[in-house]
Amino acid sequence: MFRISYNFKVKVPQKCWQIRGISTSSGTSSSMMSAEEEEYFYRNTSTRWFQNEKHELQQRYLKYNIPALKKAAVDAVEGAKSVVNFNKLEDAGFNKLVTITIDNGQDVVARLACSNVGPVEQVVESEVATMEFACTRLGLPVPRVLGWCSKPEATDVSAAYIIMENVKGDPIFMVWDSYGSIYYHDAIKDSHCIPIDDTYALGPALPLCMNNLKRDQIDVSRGPWTSVKQYLHTVFNVEKQWIEKHASPESLRGFQHSLEVERDPAAHIALVERIESLIPHLILKDSPDLITPILWHPEFSAGDIMISYDGLRGKSKQMVTLIDWQHSSVLPLYLQAKPTQIFLGERIHYGPQHDKSPSDNSGDSSLGVERYLIKCLKNEKELAASLFSMTNPIIVHFKTLVNRSYGMWEGSFMRVRKEMVELEDIWPKYFGNDTPFPSPTSPEQRKLYQQEYEEWSIVQKRHMQLCDKIGVTGYGWVRARDFELAYFIHNYLKNDWILSGKSESDWPFEGPDLSMGVPKEPWKLRIFGYLQKLRIMKVGWW
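Calculation criteria
- Residues numbered from 1 in each chain as written.
- Predicted model: local features only at pLDDT ≥ 70, side-chain atom pairs only at ≥ 80, totals over all residues.
- Heavy atoms only, no water.
- Helix = DSSP H or I, 4+ residues; strand = E, 2+ residues; numbered from the N terminus.
- Expected span 1.5 Å × (residues − 1).
- Buried < 20%, exposed > 50% of the residue type's maximum accessible area, 1.4 Å probe, protein only.
- Core = buried A, V, L, I, M, F, W, Y, C linked by side-chain atoms within 4.5 Å.
- Contact = heavy atoms within 4.5 Å.
- Phe/Tyr/Trp six-rings, centres within 6.5 Å; stacked < 30°, edge-to-face > 60°.
- Lys NZ or Arg CZ within 6 Å of the ring centre and 35° of its normal.
- Salt bridge = Lys/Arg side-chain N within 4 Å of Asp/Glu carboxyl O.
- Axes fitted to C-alpha atoms, helices over the stretch in contact; angles between N-to-C directions.
- Parallel < 35°, antiparallel > 145°, perpendicular 65-115°, else oblique.
- Left-handed = near helix turned anticlockwise from the far one by under 90°.
- Nonpolar A, V, L, I, M, F, W, Y, C, P; charged D, E, K, R; others polar.

> Would you take a moment to explain unusual backbone geometry for this structure?
Peptide bonds are, in most cases, trans, and in most cases residues other than glycine have a negative phi. With an omega dihedral of 5°, the bond running from Gly-223 to Pro-224 counts as a cis peptide bond. Of note, Pro-224 is situated in the loop between strand E12 (200-203) and helix H5 (228-246). With phi around 65°, Ser-158 is a residue other than glycine that occupies positive phi space. By secondary structure assignment, the location of Ser-158 is in the loop between strand E7 (145-149) and strand E8 (161-165).

Structure follows, in structure tokens:
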């Protein structure tokens, strides 16, 4: 039984660098690149950070053999003899992206996995198997894989790569019996797999939440699992062990982490254990449709779903391909499925209104969910019914607690703790007085939690106002093209912070890595002059 849901998104690829040269039969260019030009392909050139930038850039630095990649592309395309163009695209979060034009006019895309992708070999093998499965078994218009290698040491390219058609489209919803990620049979190193058919099998799960920031190094069974209970225990065990090994108070820089409880690893572990105590209820044994194992596209970020250029010109919108299946897994429906705002053109919010964290970027439109479900209902009644069930407040709280239980150290601890109190408040309405809440909160704790949450909310609001002033995200991320302006505004505001008597250690950003050079003052600031700089500094955001 297959259930498929379609959504639409557009991306116009942005070329950052292009090489043109005389073609040879080997598929390489006879025009030699300088070392500086080669470095441009290896470095992340699309984004900058004002926090931990050296580490972020190191994770996304990938030195590979460009001539060998060109040759791999030529070998992957039937009848090809040489490469005509070799273009670097905007860097993705976990991959280098290159478009390669072959002498027969065909364009292909090469994706090279960076170190922050998680277990590189497994991630690449699972992504290739998932794409082929979606194409051959489901008949979905995903890019055809032309060539790939998951082991950097086994290829002259010196990096794990996938070469695929440069076409552009769509997400999928499929029913399974177990939970994990899709692989080819021969890619599973041990016997712990669950066959799907003669070609594919479910193996260890690869959702990003269980594999980022060294979580892939935690020694736990990663599936496949035959029950939701097994999966949830793994999620919570990974997070508890990660906190024990890697959560350091010194890593939480800035005034936005000023509350002592946020910087206490023991408090984080205790909260994960409280969520874990809910497992007998999180398995939703009375709602089997909501724990159905499904394969769901993991991201839907800009560019995942491609439509024809006629669609861009306002004509009929024909979907042609869906890209970026990295980290896709078969997991419980209620933890994965969600309406996507790109289908509605607005932000989505599940269920009744919540007291949102100031750093919560989810939308407020429950009407948007209703519209989405009505559209689903026209073509896919079973999927729509399941999504309607997911607007139940209990399900909303369960999903939020599970999905935010990992990554609490990165900033969601206070929101998760408040979510637990909110769940406890509505618990009797859905479970009755005969089923007590597994981890109750005392009146004293409630008072303390509310006070701390209000303090935290004020601090987060100030932090986001600061980030908006600088032009960065809460984690200090900024597009490279906006970096110079953000850099100077950051410096002006930081100096003003220090001059006002505040501690430099409370400033939330350590600043970018300047080993690549100090930016020149952007023309935007020069035009407005020092009065404009003064205005930027003095607007009170704290």
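Read on for the rest.
> Which parts of the structure should I look at to understand helix H16 (residues 483-499)?
Residue pairs three or four apart in sequence face the same way in an α-helix, which turns once every 3.6 residues. Across its 17 residues, H16 extends 24 Å between first and last C-alpha, which sits within 8% of the 24 Å expected from 1.5 Å per residue. Within H16, the full set of buried residues consists of Phe-483, Ala-486, Tyr-487, Phe-488, Ile-489, His-490, Tyr-492, Leu-493, Lys-494, Asp-496 and Trp-497. Taken from the residues just after H16, Gly-501 is the one with a positive phi, measuring 95°.

> I'm lost on the nonpolar core in this one. Help?
Across soluble globular proteins, nonpolar side chains show a tendency to be buried alongside one another. Leu-232, Phe-236, Leu-282 and Tyr-334 are the most contacted members of the largest nonpolar core, which has 54 residues in total. Looking at this core, the elements that each hand over two or more residues are H5, helix H6 (265-276), helix H7 (279-282), helix H9 (333-336), helix H13 (393-405), helix H14 (413-431) and helix H15 (443-470). The dominant element in this core, judged by the number of residues it contributes, is H5, at eight residues. Excluding its chain neighbours within four sequence positions, the residues that come into contact with Phe-236 are Val-272, Ile-275, Glu-276, Ile-279, Leu-282, Val-402 and Ser-405. Core analysis: the next-biggest nonpolar cluster, separate from the first, contains 28 residues, Ala-72, Val-77, Phe-86 and Leu-112 among them.

> I tried to follow the packing of aromatic side chains on my own but got confused; where do I start?
Two numbers describe a pair of aromatic rings. These are the distance of the centres and the angle of the planes. Tallying each qualifying case throughout the model produces 17 aromatic pairs. Ring geometry for Phe-50 and Phe-483: centres 5.7 Å apart, planes at 40°, overall tilted. Phe-483 matches Phe-50 in its accessibility class, with the two residues each being buried. Here Phe-483 and Tyr-487 contribute two aromatic rings whose centre-to-centre distance is 5.8 Å and whose plane-to-plane angle is 35°, an arrangement assigned as tilted. Of the two residues, Phe-483 and Tyr-487 both sit in helix H16, four residues apart, roughly one turn of that helix. What links up through ring pairs into an aromatic cluster is the set Phe-50, Phe-483, Tyr-487, Phe-488, Tyr-492 and Phe-509. Above the ring of Phe-483, the side-chain terminus of Arg-48 is found at 3.6 Å from the ring centroid.

> I keep staring at the pattern of salt bridges and nothing clicks. Help me out?
Should their charged atoms come close, side chains of opposite charge can pair. In the structure shown here, the tally under the stated rule is 18 salt bridges. Taking the shortest distance from any N to any O, the salt bridge between Glu-239 and Arg-215 comes out at 3.0 Å. Taken as a pair, Glu-239 in helix H5 and Arg-215 in the loop between E12 and H5 lie far apart in primary sequence, 24 residues in all. For the pair Glu-239 and Arg-215, a shared accessibility class is recorded, and that class is buried. Measuring nitrogen to oxygen at the nearest pair gives 3.5 Å for the salt bridge that ties Glu-410 to Arg-215. Here Arg-215 lies in the loop between E12 and H5 and Glu-410 lies in the loop between H13 and H14, a separation of 195 residues in the sequence. By relative accessible area, which is 1% here, Arg-215 ends up buried.

> Would you take a moment to explain the packing of H14 against H15 for this structure?
Geometry of a packed helix pair, given as the angle between the helix axes and the separation of the axes. The N-to-C vectors of H14 and H15 enclose an angle of 135°; their axes lie 10 Å apart at closest approach. With respect to their mutual orientation, H14 and H15 come out oblique. For H14 against H15, the interelement crossing comes out left-handed. Mapping the contact onto sequence places Met-414, Arg-415, Arg-417, Lys-418, Val-421, Glu-424 and Asp-425 in H14 and Arg-446, Tyr-449, Gln-450, Glu-452, Tyr-453 and Trp-456 in H15. In terms of residue class, the contact of H14 with H15 is made up of five nonpolar, one polar and seven charged.

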